[in-house]
Structure formats: structure tokens, C-alpha cells
Amino acid sequence: MRQKPKKEPRSHYIKEAQETEKPEPQEEKEEFSSFAYPVVTGLKEGVSCLIQSAGKRLLLFYIICGLVILSGIGAVAAGFFARGRITGEGETLLSQNRRLEQEIRSQNLAYFNEILQKEYKDAPAGLKAAAQRFFSYSVRVNNTPTSGVTMFSASRNIVVTVEETVSDEGQRLLPQEVIDDASNFRGGGDTDISQMNKAMTVDATREMPKITKVKKSDGYVYTITYEAASAGDVVTIGFETWLATKLGLEEPYIEIIFNASEEAEE
Amino acid sequence: MNRKKRENAPQEEVFMESAPPQGNDFSAGRGGRIAAKAILLGLPLLLCAGVIIGAVSQGLYNRALEESNQTLRQQIIKKEYDLQNNMDSLNDEFVIASMKTLFGLGNLTYDMRRYWNYELTVNGAAVSGDRVSVPAGTVTVSLKQTQKANSFPYEVAGLGSTLGGDSDDKLSYHCKVTGASGVEASETEDGLLTVLTYTFAAQKGDALEIHLSYPLADQLGLAEKYGYDFNTIAVNVA
């Protein structure tokens, strides 16, 4: 009687496992933990089994994947180069746009200035008062903002800074000529401090301080420096009422007392 | 058959020796196959997905950049056109916006009043009080609005007028005659001069009144004289 052919041992990978495990040296086995060892061997079995059972299909799968990956890399590279080109073009367009914007703005301001100069020729005070809304004033003693009457200075050199600033909106809106006309600190020119000297008084008993005036992009800064004060010296700076009001001072003067002990402590 | 069985027996033992501890999924190589599948199939698929996502996001990013460039191109074309053909209008717009910010609407309205002059006459005689006398017969009430020449756009200068720069507003809304019948109204405009005229027949004893709007009464200087709630001039027909 013809015998039924005996079934192959359970599965391919059991057989493979038998074959691959036999020659494996004992020491290598011991290197793996009780968990890692079957994982690795199982993986090996799985890989070889898959390759055996689905070799052709796997190859096709890898070819397709390879093509997709290569095309994707190509697309990414092409996109990368295109991005460089688009970004460069964008920068050129942006600068061109800014240039045109600037040109339009300068024409707008020139036209506005022409109208203002013509219409307020006989009433410049009204224009100045309106423009002054965009100006702000501050005073600092040794770089500390103040609105009080008495200040103490620990430094032998007392530096008082009085600043006039035009707001961003003012700079955007007003023609330069109107800003200059409205400035209280501009005086006759950038180096002229006569207007400031009129607006401020210093102790008659003291030596005239060193006064400098600097034009910033958004206004003017006056720096009044009293050098080498002696201990207990009191420096008084008086301001005209309009300036004191604009500076937000409680009184139209500031007293600065040189406190030598604080300097010594420091 | 028996021989085969015998041959297989020790091998099976070896396999069982290498079997993982009980309860582990790697028994009988099943876990290995899953892991192998995960690596051999999953890894390429992951790579594929990665490059596809990279390519797509790169494309989307480039498209956004291209759109932003397109917007810039359109802006440039518009600005170039404006510079060539539209500067008058742009300058006016700038002046209107800047004047409002510079002075504030209230101050600007007040300031612009200096460019406007109003005159109310009854039968050719200027009205400067709260009552006028006219003889019976044909009466002509006339309101003249004169704008002084200036460089401001109408939207700025017009704020100082009684009409407040409102193109829908009319002088006839600010000056009315009541108590008379057969009133004929006409409004003429000639450059900077606008004239509103009412003509009607009046009889002795008629109770006629000229009603003014508060802004017009103010512009005529009557509000200053009689108060800011003043708005009626009595016309006495003698």
C-alpha cells in the first residue's frame, strides 16, 4: 500500500532554525540574555523564511520602494534648488517694492510739506503746536530718569541729560522741515545751544558746566556735565516753565547733591 | 518512516532547547517572522513615506513662497502704475489722513473754518441780528457760501464748511424759510461760490421765520451773539 508522504517538519523556519542553530558555538549562545537570544534567532529565521517564500515579490517591492525613494529624493532636491531661486526672486521683489514705497512716500511728504508751508505761512504757531504732539521730553541725572526736585549723585561728575524725541508716528507723518520747525531744541543749528541756555539756568556761583548737543535720528540730546564736584556740593539747574512742564518736573528746577560717602562706599 | 522519526527526534530537542521561555511570542519563530516583516517591509515603506512627505511639504512651501512673490509682483505693478498715473490722488489721500492725525478731527474742523465765509441777506441787506423787517411784496432770502482758495483737498478744507465736507449735504438743509407760501428755492454753484436763494411773496402780518442749523448760525456769527442754541431769525413784514 502506498504510504502517504510524511509531512515536512512543522514549518520552514523550524527547519531553518534547526539547521542554523546546530553549528552555532555554545559561547555565542551564552552571550545573549534569555530574551535577546530567541529574538535574534527568531529574526534570522524570519528574514530567511520571508526571502525564501516571497523572494520575487520582495524584490519587486524593493524595486518599487527604491524608485519611489529615488523619485522622492529627486523631488526634494529639485524643490530645494527651486526654493533658492524663489527666495532670491522674492528678496529682489521685496527690495523693489520697498524702493517704490519709499519713492511714493517721499513724494507724499514733499507734497504735504508744500501744502503745510503754504497754508501755515501766516500761522506757523498753529502748525508747531500740532506737530509738538509728536514730541516728548525727558531728563536724566547720571542716567537715572527723574521728575523730582532733589537727586543725589554718587559720582563726582554730575551728568544731566535733557532729551527731545520725535515719536515714530511723528517721523512717519511729518515732513522733516515741519519736525525741524517744531523742535524746541533745534535752535539755529545743530551746534547752537543758545536756545537751551535760555531755557535753563545754572548756579551763578558755579563754573559753567560743559554742555554738548547731539542730533539723533529722532531728536536732540543735551548733555550738561558738572565736573569734579566737591563733597556736599549742590548743583541746581533751573528750567523755564514750558520746558519744566514738558519734562514733567514737579518744580521748575532740579537740585543734585553730590554724596561723597556713597562714592566711598562704592 | 521510523528512521525519519528517529532522525527528527533529537533535532526537535535542539530546537526546543533554543525555544524562549514560556509565554514569549517568539516561540516557534512566529515573532521572528513578524519582526522580519516589520523590518524588511516597514523600513522601506517608512523611507518612502518620509521622502514623499518631504517632497510634498517642500512643494507646498515653495508654492507659498511663489504665491507671496506673486503678491509682491502685483503690488509692484500697482505702485509703478500709481507713480506714473495716480500720484495726485495718492498725495491727496496722504494729506487727508495726515492732517486728521496731525490736528485731530475737532481741531482740524475748527481750523478749516478760516477758509469759509457765509453771508445771509434778506432783500439784499445783510442779516446780523435775530430779527429783520421787510416790506410786503416779493422777498428774497439769500445765503452765500464762499470758499477761500487753498491747497488742501476738499476732504480737508470742506471740514470747515457748514456742510462738513459731506457731499450728500446741501445748503438748503441748513437754511429754511417757514410761514410763507409759494417759496421758490434755487441753489447755484460757480467755482468757489455757492448761492442759495428763496423767493416768495409776503403780506403784511405774515409770521415768517428763517430757520438755520446750529453750525450755520455759528458760521454766521449769530451763535456767538445769541448763544449756541440760537437758530431762528424772525422776519417782520411791515
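### Some details on the layout of surface pockets
Residue and element names in this part refer to chain B. Approximately 260 Å³ is the volume found for the second largest pocket. As for the second largest pocket, its lining consists of 16 residues, and the residues nearest its centre are Gln145, Tyr154, Leu163, Glu189 and Thr194. For the lining of the second largest pocket, the secondary-structure elements that each account for two or more residues are strand 4 (137–147) and strand 6 (184–190). At three residues, the largest contribution of residues to the lining of the second largest pocket is made by strand 6.

### Thoughts on the confidence of the model for chain B
For chain B, mean pLDDT is 86; residues scoring 70 or higher make up 87% of the total. A low-confidence stretch, residues 1–28 of chain B stays under pLDDT 50, and its non-local contacts, those more than four residues away or across chains, total 27 contacts.

### A closer look at the side chain of serine 142 of chain B
Relative to the assigned elements, serine 142 of chain B resides in strand 4. Those residues within four positions of serine 142 of chain B in sequence are excluded, and the remaining contacts are Glu119, Leu120, Thr121, Val195, Leu196 and Thr197 of chain B.

### A closer look at the sheet that holds strand 7 (residues 193–202) of chain B
In a beta sheet, neighbouring strands pair by backbone hydrogen bonds and run either parallel or antiparallel. Residues and elements named next belong to chain B. Pairing is antiparallel across the open sheet formed by five strands, whose spatial order is 2-1-4-7-6. A single partner strand is all that each edge strand has here, and the edge strands are strand 2 (125–126) and strand 6. In the sheet, strand 6 pairs with strand 7 via seven bridges, with the strands oriented antiparallel. By the bridge assignment, aspartate 190 is partnered in strand 7 with leucine 193.

### Focus: the pattern of salt bridges
Side chains carrying opposite charge are able to pair once their charged atoms draw close together. Summed over all chains, the structure comprises twelve salt bridges over all chains. Between lysine 216 of chain A and aspartate 218 of chain A there is a salt bridge, and its shortest N-O distance comes to 3.3 Å. Judged by its relative accessible area of 23%, lysine 216 of chain A falls in the partly exposed class. Taking relative accessible area as the criterion, aspartate 218 of chain A reaches 21% and is therefore assigned partly exposed. One salt bridge in this structure joins arginine 113 of chain B and aspartate 218 of chain B, with 2.7 Å as the shortest N-O distance. Of this pair, arginine 113 of chain B sits in the loop between helix 4 (105–112) and strand 1 (116–122) while aspartate 218 of chain B is found in helix 6 (residues 214–219), placing the two residues 105 residues apart along the sequence. Arginine 113 of chain B sits in the partly exposed class, given a relative accessible area of 24%.

Procedures and definitions
Residues numbered from 1 in each chain as written. Chains lettered and ligands numbered in written order. Predicted model: local features only at pLDDT ≥ 70, side-chain atom pairs only at ≥ 80, totals over all residues. Heavy atoms only, no water. 1 Å grid on protein atoms, 1.4 Å probe; cavity = no way out; pocket = protein on both sides within 12 Å on 5 of 7 lines; lining within 4 Å. Points joined across faces, edges and corners; volume = space filled by probe spheres on them. Helix = DSSP H or I, 4+ residues; strand = E, 2+ residues; numbered from the N terminus. pLDDT = per-residue confidence, 0-100. Contact = heavy atoms within 4.5 Å. Pairing = 2+ DSSP bridges. Salt bridge = Lys/Arg side-chain N within 4 Å of Asp/Glu carboxyl O. Buried < 20%, exposed > 50% of the residue type's maximum accessible area, 1.4 Å probe, protein only.

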